[in-house]
Amino acid sequence: MDGEQTVIGGLYSTDETFSRRGIPILKDLPWWVFGIRYLTGVTQTVMVQNELVILLQAKLVDPLRARNDRPFDTNLLEKRRQEVLESLRGLDENAPNEVEFESYFKEKSNK
């Protein structure tokens, strides 16, 4: 259906990392050398588990015949210019009501 969402989940990846930290050389001695290995170092195991969740949303486009029957809006450029003018007026109180865009931006860049 149009606008319906589906979730794909349950894709897991697990990373397990072993690391040994401590005093150099002493931490790497064999276990039978007076247990110095256990007094001078620590073994750390880090397990990181990630889950990938994918969210899909269907957006159905009207068939070509239905789009062809709709009237075409010829004033798209003029509407966009009006939106830009309104946003300029919101940022700059001195912006005139109708602007030649190139001269307005050149004037602003020279200041």
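In the block above lies the structure referred to throughout.
Residues numbered from 1 in each chain as written. Predicted model: local features only at pLDDT ≥ 70, side-chain atom pairs only at ≥ 80, totals over all residues. Heavy atoms only, no water.

Q: Which residues make up the overall build of the chain, and what are the values?
A: Looking only at helices and strands, the chain has four helices and two strands in total. Along the chain, helices (α) and strands (β) appear in the sequence β-α-β-α-α-α when read from the amino end. A total of 111 residues make up the chain; the buried ones form 9% of that total. Intrachain contacts of the chain at a sequence separation of at least 6 include 53% that bridge at least 24 residues. Total accessible area on the chain is roughly 10200 Å²; 56% of this is exposed by carbon and sulfur atoms. (Helix = DSSP H or I, 4+ residues; strand = E, 2+ residues; numbered from the N terminus. Buried < 20%, exposed > 50% of the residue type's maximum accessible area, 1.4 Å probe, protein only. Contact = heavy atoms within 4.5 Å. Areas by Shrake-Rupley, 256 points an atom, 1.4 Å probe, with all protein chains shown as cover.)

Q: Can you break down the side chain of Lys27 residue by residue, with the values?
A: Along the chain, Lys27 falls in the loop between β1 (5–22) and α1 (36–40). Within the structure, Lys27 has its side chain in polar contact with the side chain of Asp28 (distance 3.3 Å). If near-sequence neighbours (up to four positions away) are discounted, Lys27 is found in contact with Arg20, Arg21, Gly22, Arg37, Thr40 and Gly41. (Polar contact = N/O pair within 3.5 Å; in protein donor to acceptor, adjacent residues only side chain to side chain.)

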